[in-house]
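# Coordinate analysis (summary)
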Amino acid sequence: MSTTQKPLSFDDATFPTSSEATADVRAWQAEKIKAGLKDADEGRFASPDEIKATIQKFIPNG
């Protein structure tokens, strides 16, 4: 019995599906955004050392 799968079409491979996020995902996103804005308003940002470490994680000579 053959189990070969039909190859993806160009559209299926390059364009996201048009599904909507569920209500619980949207609520989670809204809470994360609200918390981030609160932190920013209070002046809490990443330190220069944290930024440098993150950049070096993805760009070794960065």
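Cut-off values and rules
Residues numbered from 1 in each chain as written. Predicted model: local features only at pLDDT ≥ 70, side-chain atom pairs only at ≥ 80, totals over all residues. Heavy atoms only, no water. Helix = DSSP H or I, 4+ residues; strand = E, 2+ residues; numbered from the N terminus. Rg over C-alpha atoms; globule rule 2.2 N^0.38 Å. Buried < 20%, exposed > 50% of the residue type's maximum accessible area, 1.4 Å probe, protein only. Areas by Shrake-Rupley, 256 points an atom, 1.4 Å probe, with all protein chains shown as cover. Lys, Arg positive; Asp, Glu negative; His and termini not counted. Charge placed at Lys NZ, Arg CZ, Asp CG, Glu CD. Salt bridge = Lys/Arg side-chain N within 4 Å of Asp/Glu carboxyl O. pLDDT = per-residue confidence, 0-100.

To continue, consider the overall build of the chain. From N to C terminus, the chain includes 3 helices and 0 strands. Scanning the chain from its N terminus toward the C terminus, one meets helices and strands in the order α-α-α. Relative to the 2.2 N^0.38 estimate, which gives 11 Å for 62 residues, the radius of gyration of the chain is 21 Å and therefore markedly larger than a compact globule would have. Considered along the principal axes of its C-alpha atoms, the chain spans approximately 60 × 40 × 20 Å. Sorting the 62 residues of the chain into buried and exposed places 0% on the buried side. Just so you have it, the chain exposes about 6200 Å², and 60% of that area is on carbon and sulfur atoms. Here the chain contributes 8 positive and 10 negative side-chain charges, whose respective centroids are spaced 3 Å apart.

Our focus in this paragraph is the pattern of salt bridges. Pairing is possible between side chains that carry opposite charge, provided their charged atoms lie close to one another. Enumeration over the complete set of coordinates arrives at 4 salt bridges. One salt bridge in this structure joins E31 and K34, with 3.7 Å as the shortest N-O distance. A residue pair is termed a helical-turn pair when its members lie 3 or 4 positions apart in one helix, as E31 and K34 do in helix α2 (residues 23-41) at 3 residues. For E31, a relative accessible area of 48% corresponds to the partly exposed category. Overall, the relative accessible area of 53% leaves K34 in the exposed class. Here D39 ties to R44 by a salt bridge, and the two come within 2.1 Å at their closest N and O atoms. Classification of R44 as partly exposed rests on a relative accessible area of 46%.

Of the residues in the chain, 90% have a pLDDT of 70 or more, and the chain-wide mean is 86. The least confident element of the chain, judged by mean pLDDT, is helix α1 (residues 10-14) at 82; the most confident is α2 at 94.

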